[in-house]
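Coordinates in review
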Amino acid sequence: MEYVKVQKRSIIEKVEMSSPNSLVLLLCSLSLYLVLVAARKEFVVDTSEDNYHTLRLTSLFPSSTCNPSNKDGKKRGSLEVVHKHGPCSKFSKDIVKPLTIEEIITQDQLRVSSLRARLTTNTSKQDMLDSKTTLPAKSGSTIGSGNYIVTVGFGTPKKDLTLIFDTGSDLTWIQCQPCAGECYSQQEPIFDPSMSTTYTNISCTSTECSALNSATGFEPDCITSTCVYTIKYGDGSVTTGFFGKEKLTLSSIDIVDNFYFGCGQDNEGLFKGFAGLLGLGQDKLSIVSQAANKYGNVFSYCLPSSSSTGYLTFGNNGTSSKVKYTPFTTLGGSLYGLELVDLYVGGTKLTISPTVFKTSGMIIDSGTVITRLPPTAYSALREAFMAQMTDYPTTTGTDLFDTCYDLSNFQSIKVPTIGVLWGADTHVDVPLSGIFIVYDKSQVCLAFAGNDNDNAIGIWGNTQQKTMDVVYDLGAKKIGFASGGCA
């Protein structure tokens, strides 16, 4: 871009110094120059400040204290969201040992494998499950390690329970007494349905019981006329128990009566600390569908940094006017599929064949930590990013991340923006918090990864969604994004 400015200035100076007879020739030269610039436009890196972030190194590291968002989280149908291992979580010092980045990535890969299996027609679900059953149990969650939690109330009188929320799951479930099989350790008292005046078991002959097949992927069982659900995850974890309905309390004025959920009696595997899971998928047994009459089949969230707070809101109350929408499709029964069209680095569109993204497809997922791209697209992203980060020394990578920098000797750095063009010409910039994953100052890595091949499904992970308004409008079949969601 500096070369362009110099050439333009040189031509203008010649015009000012030239005689009238040569003016026409010089103007023609300038016109030709402008044509050539336009032809080279795609290959010129725009170094304007709009295409770079300038950040202090200290901002890459999470705070040890909670810094709640100043955004109003008390609006209708809204729940506070915190990172389950961050200082804003009431569990962070009591029962949940923070995971290392290596443990997070290991569990994240298990989730990615599980999601891919749901979307691969030539791999049976049972084969996928059997292949993971020998994995040892570790602390954390079966559905991924970089997850976010909310607190809701079950029963009458209300018992507050903290759940991981997940766009990749449908049926909401919690642990229940008397734990006829096995219950893992959780912070709050395990819910006892016999102490609630509004709990009811669901009959085996009901249409709701039959609906469990699509919500869980497994046929329901029956015990003394009571419907029994089962969910098995890709890492071998399992929850099974009674299928019931109960009063669900989001706030004092936001109550969902006759809410269908799983009352888990045998819950084994990588579950620890939290009472269960809140399913935000598209199935008719997800909380989104069950509460559609009250909230219009719309929900939104902002996933905060680990040391701040965000929100999960049902309904479109207070949705930002800045939200940009792109259509979504349904994949794997209830997953949210998006059309990824182009990627940009520093304002420049990458040269990637459109067939690359069409071949792989893409889903957005709140429980996957790191975005996975087709290797062809990831290579283009990596090369363009490195070309604009030459002022900073590279260092050794890891099993997942191969683009890492040693920033030990820097107080601040200049980072190119990363942009995404979704379907319907929807351009969204990745938040600065979604560009890096940090081991320490000597190993700061690009927070994207490539799949094994271009046919594997792409996944837009929660690291790249952090601090954004993300709005799901199931009625209109669209998902929206806006920056500054948690601020």
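Report follows, based on the coordinates. Worth saying up front: this structure is predicted, and the values here are computed from it rather than measured.

Definitions and limits used
Residues numbered from 1 in each chain as written. Predicted model: local features only at pLDDT ≥ 70, side-chain atom pairs only at ≥ 80, totals over all residues. Heavy atoms only, no water. Pairing = 2+ DSSP bridges. Helix = DSSP H or I, 4+ residues; strand = E, 2+ residues; numbered from the N terminus. Salt bridge = Lys/Arg side-chain N within 4 Å of Asp/Glu carboxyl O. Buried < 20%, exposed > 50% of the residue type's maximum accessible area, 1.4 Å probe, protein only. Polar contact = N/O pair within 3.5 Å; in protein donor to acceptor, adjacent residues only side chain to side chain. Contact = heavy atoms within 4.5 Å. Expected span 1.5 Å × (residues − 1). Arc of directions from axis to C-beta. Core = buried A, V, L, I, M, F, W, Y, C linked by side-chain atoms within 4.5 Å.

Relative to strand E26 (residues 443–446), strand E25 (residues 436–440) is paired through four bridges, and the arrangement is antiparallel. Its bridge partner lying in E26, Val 438 is registered against Val 444. Following E25, the chain reverses through two residues before pairing antiparallel with E26.

Quick look at the pattern of salt bridges now. If the charged atoms of two oppositely charged side chains come close together, the side chains can form a pair. The full count for this structure, using the stated rule, is five salt bridges. Taking the shortest distance from any N to any O, the salt bridge between Asp 166 and Arg 111 comes out at 2.5 Å. On the criterion of sequence distance, the pair formed by Asp 166 in strand E4 (residues 159–166) and Arg 111 in helix H3 (residues 101–119) is long-range, its members being 55 residues apart. Judged by its relative accessible area of 6%, Arg 111 is buried. One salt bridge connects Asp 160 with Lys 158, and the closest N-O pair in it is separated by 2.7 Å. For Lys 158, a relative accessible area of 42% gives the class partly exposed. Three or more residues joined by partner-sharing salt bridges are found here, namely Arg 111, Asp 166 and Asp 365.

For Arg 372, the position within the fold is in strand E19 (residues 371–373). For Arg 372, the side chain forms a polar contact with the side chain of Gln 109, separated by 2.8 Å. Beyond its immediate chain neighbours, meaning those up to four positions away, Arg 372 contacts Asp 108, Gln 109, Val 112, Arg 116, Met 362, Leu 400, Ala 449, Asn 451, Gly 458 and Ile 459.

Another aspect to go through is helix H10 (residues 375–387). Here H10 contains 13 residues, and its C-alpha end-to-end distance of 18 Å stays within 8% of the 18 Å for a straight helix at 1.5 Å per residue. For H10, every residue scored as buried is listed here: Ala 377, Tyr 378, Ala 380, Leu 381, Ala 384 and Phe 385. Down the axis of H10, the buried side of the element spans an arc of 160°, and every buried residue falls inside it. What points out from H10, more than 90 degrees from its buried face, is the exposed set Glu 383 and Ala 387.

Further remarks concern the environment of Gly 332. Of note, Gly 332 is situated in the loop between strand E14 (324–331) and strand E15 (335–338). Distance from Gly 332 to Leu 119, taken between C-alpha atoms, is 5.1 Å for residues 213 residues apart in sequence. Gly 332 has contacts with Arg 118 and Leu 119, leaving out every residue within four places of it along the chain.

Here the focus is the environment of Glu 182. Tracing the backbone shows Glu 182 in the loop between strand E5 (173–175) and strand E6 (200–201). Glu 182 sits in the partly exposed class, given a relative accessible area of 41%. Taking the C-alpha atoms as reference points, Glu 182 and Glu 268, 86 residues apart in sequence, are found 6.7 Å from one another. Ignoring any residue separated from it by four or fewer positions in sequence, one finds Glu 182 in contact with Gln 265, Asp 266, Asn 267 and Glu 268.

Phe 154, Phe 165, Phe 299, Leu 312, Phe 314 and Ile 364 are the most contacted members of the largest nonpolar core, which totals 77 residues. Among the elements that line this core, the one with the most residues is H10, at six residues. Apart from the residues lying within four places of it in its own chain, the contact partners of Phe 299 are Thr 167, Leu 280, Val 288, Leu 312, Thr 313, Phe 314, Gly 315, Tyr 336, Val 470, Val 471, Tyr 472 and Leu 474. Counting residues in each nonpolar core, the second largest holds 17 residues, with Ala 211, Ala 215, Cys 227 and Ile 231 among its members.

Attention now moves to unusual backbone geometry. Pro 157 follows Thr 156 through a cis peptide bond whose omega is 0°. As for its placement among the helices and strands, Pro 157 is situated in the loop between strand E3 (148–154) and E4. In the segment running from Gln 177 into Pro 178, the intervening peptide bond is cis, with an omega of 10°. Mapped onto the secondary structure, Pro 178 falls in the loop between E5 and E6. In this structure, Ala 424 takes a positive phi of about 65° despite not being glycine. Within the fold, Ala 424 resides in the loop between strand E23 (418–422) and strand E24 (426–429). According to the relative accessible area criterion, Ala 424 is exposed, its value standing at 60%. Notably, Asp 425 is not glycine yet its phi reads approximately 60°, a positive angle. Relative to the helices and strands, Asp 425 resides in the loop between E23 and E24. On the basis of relative accessible area, Asp 425 is assigned to the exposed category, the value being 66%.

Interpretation note: all reported values are geometric properties and have no functional meaning in isolation.
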